[in-house]
Amino acid sequence: MITPFQKDNKLKQDILSSKENKEGLRIWWLAQSGFLVQWNGVHILFDPYLSDSLSKKYAETDKPHVRMSELVIDPEALDMIDLVTSSHNHTDHLDAETLIPLFEVNPNIKFVIPEANRDFVAERCKVPLSKPIGLCVDQSYALNDIKITAIPAAHNELSLDEQGRNKFLGFILNIGPYTLYHSGDTLWYEGLTQILKKHKPAIAFLPINGNKPERKVAGNLNYMEAAQLGSEIDALVIPHHYDLFEFNTEDPENFVDSCIELGTRYKVLRIGEKLEI
């Protein structure tokens, strides 16, 4: 099993040690699609999955979610979070066993979701319908010096509810002088490059696990597409959605090779590792 670069109390102390640092931006990968972003004492948590709920749920099925990496930190330890996202309703992006404890230790946390998913989210996370901050495409939520804006995601399609609202989102985060893109789960759909060029993210968190029907789950960009998209939008790409479940992963070295071939800027993080910008 993969051991995180740092975990538990060591990871928390790393986060807290730079909490008051007003210079630069810090990013930690928390496995799968989970990232913690820290700037000027503000902490944004993208799509955390910090439990074994899926491994337990699918243990006796034809789609076992066998864990490849150790859990990096318990959600109860993350008691400094200002805003958390769920880009869509799949459990590795909307995990009650992660979010409910997170809400308990962060009573004032802001919870950003697709507006289309409000009823489902509230029921799964045991929160009032009024708790989540629901966004539709092109809508934003501002909190002090940060702004988060919703863009479409295709997993595998640009799925809409009865009112025409997107069920799968990506997020553009403007935080101080920095602009970041968190893809959620997505394929490369028509118009994605143009949307991202408009927002000009300096950093893009992109999935690399690909889209293979034999896995019996919705798919994502593969490692070549992630490298290509990063090249087209001129962003530093940090890959995600690998090294968690044996049946749905990718070798990040394949992504590195593609980035080198295309001249794409990249940074592969180990679970629990920090990147300072």
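Described in the following lines is the structure provided in the data block. (Residues numbered from 1 in each chain as written. Predicted model: local features only at pLDDT ≥ 70, side-chain atom pairs only at ≥ 80, totals over all residues. Heavy atoms only, no water.)

1. As for the packing of helix H5 (residues 192-199) against helix H6 (residues 223-233)
Running from N to C, H5 and H6 cross one another at 45°; their axes reach a closest spacing of 9 Å. Considered as vectors, H5 and H6 are oriented oblique to each other. In terms of crossing hand, the pair formed by H5 and H6 is right-handed. Between H5, through Leu 192, Thr 193, Leu 196 and Lys 197, and H6, the contact on the second element is made entirely by Leu 229, Glu 232 and Ile 233. Split by residue class, the contact of H5 with H6 holds four nonpolar, one polar and two charged. (Axes fitted to C-alpha atoms, helices over the stretch in contact; angles between N-to-C directions. Helix = DSSP H or I, 4+ residues; strand = E, 2+ residues; numbered from the N terminus. Parallel < 35°, antiparallel > 145°, perpendicular 65-115°, else oblique. Left-handed = near helix turned anticlockwise from the far one by under 90°. Contact = heavy atoms within 4.5 Å. Nonpolar A, V, L, I, M, F, W, Y, C, P; charged D, E, K, R; others polar.)

2. Notes on a negative patch on the surface
On the surface, Asp 8, Asp 74, Glu 76 and Glu 104 cluster together into a patch of negative charge. With respect to the helices and strands, Asp 8 occurs in helix H1 (residues 8-17). A relative accessible area of 37% means that Asp 8 is categorised as partly exposed. (Patch = residues over 30% accessible without salt bridge, like charges linked within 9 Å, V, L, I, M, F, W, Y side chains within 5 Å. Areas by Shrake-Rupley, 256 points an atom, 1.4 Å probe, with all protein chains shown as cover. Salt bridge = Lys/Arg side-chain N within 4 Å of Asp/Glu carboxyl O. Lys, Arg positive; Asp, Glu negative; His and termini not counted. Charge placed at Lys NZ, Arg CZ, Asp CG, Glu CD. Buried < 20%, exposed > 50% of the residue type's maximum accessible area, 1.4 Å probe, protein only.)

3. A closer look at the packing of aromatic side chains
Counted according to the given criterion, the structure contains six aromatic pairs. Residues Phe 46 and Phe 205 carry aromatic rings whose centres are separated by 6.1 Å and whose planes lie at 55° to one another, so their mutual orientation is tilted. In this pair, Phe 46 sits in strand S3 (residues 42-46) while Phe 205 sits in strand S11 (residues 203-207), placing the two residues 159 residues apart along the sequence. This pair shows no difference in class: Phe 46 is buried, exactly as Phe 205 is. Arranged with centres 6.2 Å apart and planes meeting at 85°, the rings of Phe 255 and Tyr 266 form a pair that is edge-to-face. You can see Phe 255 sitting in helix H7 (residues 252-262) and its partner Tyr 266 sitting in the loop between H7 and strand S13 (274-276), a full eleven residues away along the chain. One aromatic cluster in this structure is built from Phe 35, Phe 46 and Phe 205. Positioned above the aromatic ring of Phe 103 is the side chain of Lys 131, whose terminal nitrogen or guanidinium carbon lies 5.4 Å from the ring centre. (Phe/Tyr/Trp six-rings, centres within 6.5 Å; stacked < 30°, edge-to-face > 60°. Lys NZ or Arg CZ within 6 Å of the ring centre and 35° of its normal.)

4. Overview of the pattern of salt bridges
A complete count under the given rule lists twelve salt bridges for this structure. One salt bridge connects Lys 274 with Asp 14, and the closest N-O pair in it is separated by 3.0 Å. You can see Lys 274 sitting in strand S13 and its partner Asp 14 sitting in helix H1, a full 260 residues away along the chain. Using a relative accessible area of 23% as the deciding quantity, one classes Lys 274 as partly exposed. In this structure, Arg 165 and Glu 115 form a salt bridge, with 3.9 Å as the shortest nitrogen-oxygen distance. Here the residue Arg 165 occupies a position in the loop between strand S8 (146-152) and strand S9 (169-175), and Glu 115 occupies one in the loop between strand S5 (110-114) and helix H4 (118-125), the gap between them amounting to 50 residues. Each of the salt bridges in this network shares a partner with another, and the network as a whole consists of Glu 115, Arg 118, Asp 161 and Arg 165.

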